[in-house]
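If you want the building blocks of each chain, they are given just below.
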Amino acid sequence: MAEHLEGSSQDVANNFLKSDFWEPGVQIAGIVRRKFQSVNGQCYAVELDNPVNLNGEELRDVALGNLTGLRMAVQAAGAEDLNVGDKFTLECIDLQPTGKGNPRIDFRIEIDRR
């Protein structure tokens, strides 16, 4: 059966949930739609259950970058990485100074994998 696929590198290019988005109590939930590499490492294109305000726009399609706290939370949950199709809830629980400019964002994550 023939299939037509279409995509754009701009779908989430400007929609990263950067460190300044996160503060304790901020929570998102959604599904991982795809994974991609950036110069900073593994990133995730996710579709959120509820939109977030980013750059003055209400967006559901956003990207999670290679944040140390995210990697730590995923591994603490017993997974090495998020997979395409994973449903997740991610909450910022703390900000820890690093001496490098941006704080490390500590997260709590729940992953439903099928």
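Participant: Could you clarify how one ought to interpret the sheet that holds strand β3 (residues 57-64) in this entry?
Facilitator: Within a sheet, neighbouring strands are paired by backbone hydrogen bonds and run either parallel or antiparallel to one another. In space, the five strands of this open sheet follow the order β3-β2-β1-β4-β5, with antiparallel pairing throughout. At either margin of the open sheet sits one strand with a lone partner, and together these are β3 and β5 (104-112). The average undirected angle you get between the axes of adjacent strands in this sheet is 40 degrees. Of the pairings in the sheet, the one linking strand β1 (residues 27-38) to strand β4 (residues 87-96) comprises five bridges and is antiparallel in character. Within β4, the residue paired with Ile 28 across the bridge is Leu 90. Here helix α1 (residues 68-76) sits on the sheet and contacts β2 (41-54), β3, β4 and β5; the angle it forms with β5, its principal contact strand, is near 35 degrees.

Participant: Explanation requested: the nonpolar core in the structure shown.
Facilitator: Nonpolar side chains in soluble globular proteins tend to end up buried together. If you look at the biggest cluster of nonpolar residues, it comprises 26 residues, and the most contacted ones within it are Leu 17, Trp 22, Ile 28, Leu 64, Leu 70, Leu 90 and Phe 107. If one sorts the elements of this core by residue count, β2 sits on top with five residues. If sequence neighbours within four positions are ignored, Leu 90 has contacts with Trp 22, Val 26, Gln 27, Ile 28, Leu 64, Leu 70, Phe 107, Arg 108 and Ile 109.

Participant: Sorry if this is basic, but what is going on with the packing of aromatic side chains here?
Facilitator: To describe a pair of aromatic rings, you give the distance between the ring centres and the angle between the ring planes. In total, this model carries three aromatic pairs according to the counting rule given. Plain terms: the ring middles of Phe 16 and Phe 36 are 6.1 Å apart, the flat faces sit at 75 degrees to each other, and that makes the pair edge-to-face. Remark: Phe 36 occurs in strand β1 and Phe 16 occurs in the segment before β1; sequence separation between them is 20 residues. For Phe 36, a relative accessible area of 19% gives the class buried. Geometrically, the ring pair formed by Phe 21 and Trp 22 is edge-to-face, given 5.0 Å between the ring centres and 90 degrees between the ring planes. Take Trp 22: its relative accessible area is 3%, and that puts it in the buried class. Each residue in the set Phe 21, Trp 22 and Phe 107 is aromatic and connected to the rest through ring pairs, giving one cluster.

The rules behind these values
Residues numbered from 1 in each chain as written. Predicted model: local features only at pLDDT ≥ 70, side-chain atom pairs only at ≥ 80, totals over all residues. Heavy atoms only, no water. Pairing = 2+ DSSP bridges. Helix = DSSP H or I, 4+ residues; strand = E, 2+ residues; numbered from the N terminus. Axes fitted to C-alpha atoms, helices over the stretch in contact; angles between N-to-C directions. Contact = heavy atoms within 4.5 Å. Core = buried A, V, L, I, M, F, W, Y, C linked by side-chain atoms within 4.5 Å. Buried < 20%, exposed > 50% of the residue type's maximum accessible area, 1.4 Å probe, protein only. Phe/Tyr/Trp six-rings, centres within 6.5 Å; stacked < 30°, edge-to-face > 60°.

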